[in-house]
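Here are the chains, one letter per residue:
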Amino acid sequence: MPLQNRVTPFGDIVAIPQRGLFTGNRGIIHDPATKTLLDKRWASRAWLVCACQYKDFHRQVMARRSWTELFFLDEATALAAGHRPCFYCRRDAAEAFRAAWMRAKGVARPTAPQIDEVLHGERLVGRRKRLHAIDVAVRDLPDGAMIAVDGTAYAVVAGVAHAWTETGYGPSVDIDRARALLTPPSTLATLRAGYRPALHPALTA
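Residues numbered from 1 in each chain as written. Predicted model: local features only at pLDDT ≥ 70, side-chain atom pairs only at ≥ 80, totals over all residues. Heavy atoms only, no water.

**As for the nonpolar core**
So the rule is basically this: The definition of a nonpolar core used throughout is a set of buried Ala, Val, Leu, Ile, Met, Phe, Trp, Tyr and Cys residues joined through side-chain atoms within 4.5 Å. Exposure is judged per residue with a 1.4 Å probe applied to protein chains only, and the accessible area is read against the type maximum: over 50% gives exposed, under 20% gives buried, and values in between give partly exposed. Runs of E in the DSSP output that reach at least two residues are strands. Runs of H or I that reach at least four are helices, and both are numbered from the N terminus. In what follows, residue pairs with any heavy atoms lying within 4.5 Å of each other are defined as contacts.
If you look at the biggest cluster of nonpolar residues, it comprises 22 residues, and the most contacted ones within it are L141, I147 and Y195. Within the residue set of this core, elements represented by two or more residues are helix 2 (91-105), helix 3 (112-123), strand 13 (152-157), strand 14 (160-165) and helix 4 (185-192). It is helix 2 that provides the largest number of residues to this core, a total of four residues. Among all residues touching Y195, those that are not within four sequence positions of it are E75, L79, P85, R90, A93, A96, F97, A100 and T190. By size, the runner-up hydrophobic cluster in this structure holds 15 residues, among which are L73, A80, V157 and A180.

Pasting the structure below:
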């Protein structure tokens, strides 16, 4: 039985076999004795997207009282859930994200906590995922943006939507309009300003 540590584009943490391309965390939200989640779903406003392999570090998942290892199918999934690149293990990606954030917002160089503060206000309504209105056609969204239609998440690449599922991405689907944007607006603006998320190979084949 897989651990409850896979993150959906809706920000939920579920127990499914899918592991994906990235790990990450929201602080310590598990009990190492049982390897189960606590009642809370975040303990820090720094929701990170981390590399699964970094130098010679090796971690046993949920084995100690340190940050809780979460997993994402790809970076589009992590960004939709409200995470951002880690400045420690993914420095180049994090700096590219920050540079695009600056271009999008026309602001001076923000600190990581300043980015986290903005994203935290955009990712949640109480304990639930915040959905945002979308006023453009799906074909006009940047690569890696994610939308929700009838309870299903879709990643958009080259103007085409692909359903996110527990086993990976489905084939492309013709969707002209959607009412709900999963990707936080500030992250969407960062994608528009040139940040290129690492996408699952199924989306780029």
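Moving on, there is more to tell.
**Re the pattern of salt bridges**
Short version of the rule: Salt bridges are defined by distance alone: a side-chain nitrogen of Lys or Arg within 4 Å of a carboxyl oxygen of Asp or Glu.
On inspection of all chains with the given rule, the structure shows nine salt bridges. Across the pair R45 and E117 runs a salt bridge whose closest N-O atoms are separated by 2.9 Å. Here R45, found in the loop between strand 5 (36-37) and strand 6 (48-51), pairs with E117, found in helix 3; they are 72 residues apart in sequence, far enough to count as distant. With relative accessibility at 48%, the residue E117 sits in the partly exposed group. Connected through shared salt-bridge partners, R91, E95, R98 and R109 make up one network.

**Points about the sheet that holds strand 12 (residues 146-149)**
We apply this condition: For two strands to be treated as a pair, DSSP must find at least two bridges joining them.
Read across the sheet, six strands follow the order 11-16-12-13-14-15 without closing on themselves; strand pairing throughout is antiparallel. The sheet is open, and its two borders are formed by strand 11 (132-133) and strand 15 (168-173), each paired with just one other strand. Alignment of strand 13 against strand 14, held across four bridges, turns out to be antiparallel. Within strand 14, the position partnered with A155 by the bridge is H162.

**Focus: the side chain of E122**
Test applied: Note on charges: Lys and Arg go in the positive column, Asp and Glu in the negative column, and His and the chain ends are not counted at all. Polar contacts, as counted here, are pairs of nitrogen or oxygen atoms within 3.5 Å of one another; within protein the pair requires one atom able to donate a hydrogen and one able to accept it, and residues that are adjacent in sequence qualify only if both atoms are side-chain atoms.
Along the chain, E122 falls in helix 3. The side chain of E122 sits in the buried core without any salt bridge; K105 is the nearest counter-charge, 4.9 Å away. Within polar-contact distance, the side chain of E122 engages the side chain of S186 at 2.7 Å. Residues in contact with E122, not counting those within four places in the same chain, are R130, H132, P184, P185, S186 and T187.

**Some details on the pairing of strand 13**
Summarising burial for strand 13: five of the six residues are buried, a large majority. Direction of pairing for strand 12 relative to strand 13: antiparallel, over a ladder of four bridges. Paired with A148 across the bridge in strand 13 is A153. Count of turn residues in the strand 12/strand 13 antiparallel hairpin: two residues, of which D150 carries a positive phi of about 55°. Linking strand 13 back to strand 14 in an antiparallel pair, the connection comprises two residues, with A158 at a positive phi of about 55°.

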